[in-house]
Amino acid sequence: MTGAPPSPTPKPEVRSGLVGVISHRSSISSIIGATLTYRGINIDELTENGTFEEIVHLLWEGSLPRQPELDALKAELQSAFPLPGAVIDSLRTFPQDADPMRVLQAGMSILGMHDPDAASNAPADNRRKAARATAQLTALTCAYHRVRKGNDPVDPSPALGFAGNFFLQLNGREPDAIETEAIDKALILHADHELNAATFSGRVPSSTLSDLHSALASAIGTLKGPLHGGANRAVMEALEEIGSVDKVEAWLEQKLAAKEKIMGFGHRVYKHGDPRAKHLKLMSKKLGELTGQPHWYAISETLEALVTAGKDFPPNVDFYSASTYYCLGLPPDLYTPLFACSRAAGWIAHLFEQYADNALIRPRALYTGPTEAHWVPIDQR
């Protein structure tokens, strides 16, 4: 009597781009259908009611802060804004036309060299580094922009929160209420987004037990790409190319005929609409009216109507963030850095989670090359 024949070895499944692969357990944020939550709280509730500092506490500590906890976090972030003098000196050596995202990636590594807890991955040390890195990334963005324009960096104000100080350090003046609200909402909306490409990129070095600053530098480099954080910059370039509402239809027909991608529409995860987009659409309208630039919103709204007509291809968070940021006075090459300043909070929450329950991230590849090749002496090649 013979046993059953051995089961054939299953063919390994390759999923390009790791689509649908579940690689981590996480309690930080979730995307279920068209709903985004941070720690189980709907993004709409957070955006309509919260401040960025409250969301930072939620992401890092797992709960909304009580008033003493919020006051302590605000003070901690405020004290961390100032950059080491050597970092500012480094910014002055960078080319004035350098991509600010390259500056942030390099700057994060330089900040790591000056951090007193740089060599330690102990939870308490990482928590101190987290506050410094989050505040200093914003200070770095603003300082480089001012330095490249021939201006000195601006000190933060203890009277302002995180969003207000971002505006102040960038523009050299305090924001009004709508400008503060817009930055706060943008920071909240971008703070985390489950296991996106940049977050995954940050978790990989932390899984090797590399330090927090190195992991953040990796995430920044990943966010830079036009298929990730760089999309909002491409959207603004398109709006500037269109110029006026009456030219939208002809511009779109030309792009579609050339089979060019229309940036700011569709999403890898959301199939029926990005829940974050409506908040920035409202801010785009408000800021356009406030600053006397309503045409950017009008162009965007017309383009959205034409692109989505008869198609389930709604705008994503990048689409209306472009005109929102433009009305805030940000040049297009600072759109992705603002995204990074926000997403650093989420990246850090994921790094905390990775360090606490670590497994080295080391996937395999399906080899498709030759298997019977041999060395050939150089005179016979």
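The structure under discussion appears in the preceding block.
The sections below set out a description of the structure shown in this document.

## Remarks on the packing of helix H6 (residues 123–148) against helix H16 (residues 335–356)
For the pair H6 and H16, the least separation of the axes is 9 Å and the interaxial angle reads 165 degrees. In terms of orientation, H6 lies roughly antiparallel with respect to H16. Here H6 and H16 pass one another in a crossing that is right-handed. The residues of H16 that touch H6, namely those facing Asn-126, Arg-127, Ala-130, Thr-134, Leu-137, Thr-138 and Thr-141, are Pro-337, Ala-340, Cys-341, Ala-344, Ile-348, Phe-352 and Tyr-355.

## Here's the deal with the layout of surface pockets
Approximately 1,200 Å³ is the volume attributed to the largest pocket. Along the wall of the largest pocket there are 39 residues; nearest its centre are Leu-195, Asn-196, Ala-197, Arg-268 and Val-269. Residue assignment for the lining of the largest pocket shows that the elements contributing at least two residues are strand S1 (29–32), helix H9 (197–207), helix H15 (317–327) and H16. Residues of the lining of the largest pocket, tallied by class, amount to 16 nonpolar, 16 polar and 7 charged. Along its surface, the second largest pocket is lined by 20 residues, and Leu-18, Val-21, Ser-23, Ile-361 and Pro-363 are the ones closest to its centre. Breaking the lining of the second largest pocket down by element, the ones donating at least two residues are H9 and H16. Counted by class, the lining of the second largest pocket contains 10 nonpolar, 3 polar and 7 charged residues.

## Let's talk about helix H2 (residues 52–61)
Note on helix geometry: an α-helix contains 3.6 residues per turn, so any two residues three or four positions apart are oriented the same way. Burial runs high along H2: 8 of the 10 residues are buried. Burial in H2 covers these residues: Phe-52, Glu-53, Ile-55, Val-56, His-57, Leu-58, Leu-59 and Trp-60. Of the residues flanking the end of H2, it is Gly-62, one or two places downstream, whose phi is positive at about 90 degrees.

## What about the packing of aromatic side chains?
Scanning all chains against the criterion turns up 9 aromatic pairs. A centroid spacing of 5.0 Å and a plane angle of 55 degrees characterise the contact between Phe-52 and Phe-162, whose relative ring orientation is tilted. Of this pair, Phe-52 sits in helix H2 while Phe-162 sits in helix H7 (residues 162–171); the two residues are 110 residues apart in sequence, bridging distant segments of the chain. A ring pair is formed by Phe-319 and Tyr-320, whose centres lie 4.9 Å apart and whose planes are at 85 degrees; its orientation type is edge-to-face. Each of the two residues, Phe-319 as well as Tyr-320, counts as buried. Pairwise contacts between aromatic rings join Phe-265, Tyr-297, Phe-313, Phe-319 and Tyr-320 into one cluster. Above the plane of the ring of Trp-375 lies Arg-381, whose end atom (NZ or CZ) is 4.7 Å from the centre.

The rules behind these values
- Residues numbered from 1 in each chain as written.
- Predicted model: local features only at pLDDT ≥ 70, side-chain atom pairs only at ≥ 80, totals over all residues.
- Heavy atoms only, no water.
- Axes fitted to C-alpha atoms, helices over the stretch in contact; angles between N-to-C directions.
- Helix = DSSP H or I, 4+ residues; strand = E, 2+ residues; numbered from the N terminus.
- Parallel < 35°, antiparallel > 145°, perpendicular 65-115°, else oblique.
- Left-handed = near helix turned anticlockwise from the far one by under 90°.
- Contact = heavy atoms within 4.5 Å.
- 1 Å grid on protein atoms, 1.4 Å probe; cavity = no way out; pocket = protein on both sides within 12 Å on 5 of 7 lines; lining within 4 Å.
- Points joined across faces, edges and corners; volume = space filled by probe spheres on them.
- Nonpolar A, V, L, I, M, F, W, Y, C, P; charged D, E, K, R; others polar.
- Buried < 20%, exposed > 50% of the residue type's maximum accessible area, 1.4 Å probe, protein only.
- Phe/Tyr/Trp six-rings, centres within 6.5 Å; stacked < 30°, edge-to-face > 60°.
- Lys NZ or Arg CZ within 6 Å of the ring centre and 35° of its normal.

From the geometry alone we can't say anything about function, so treat these as descriptive.
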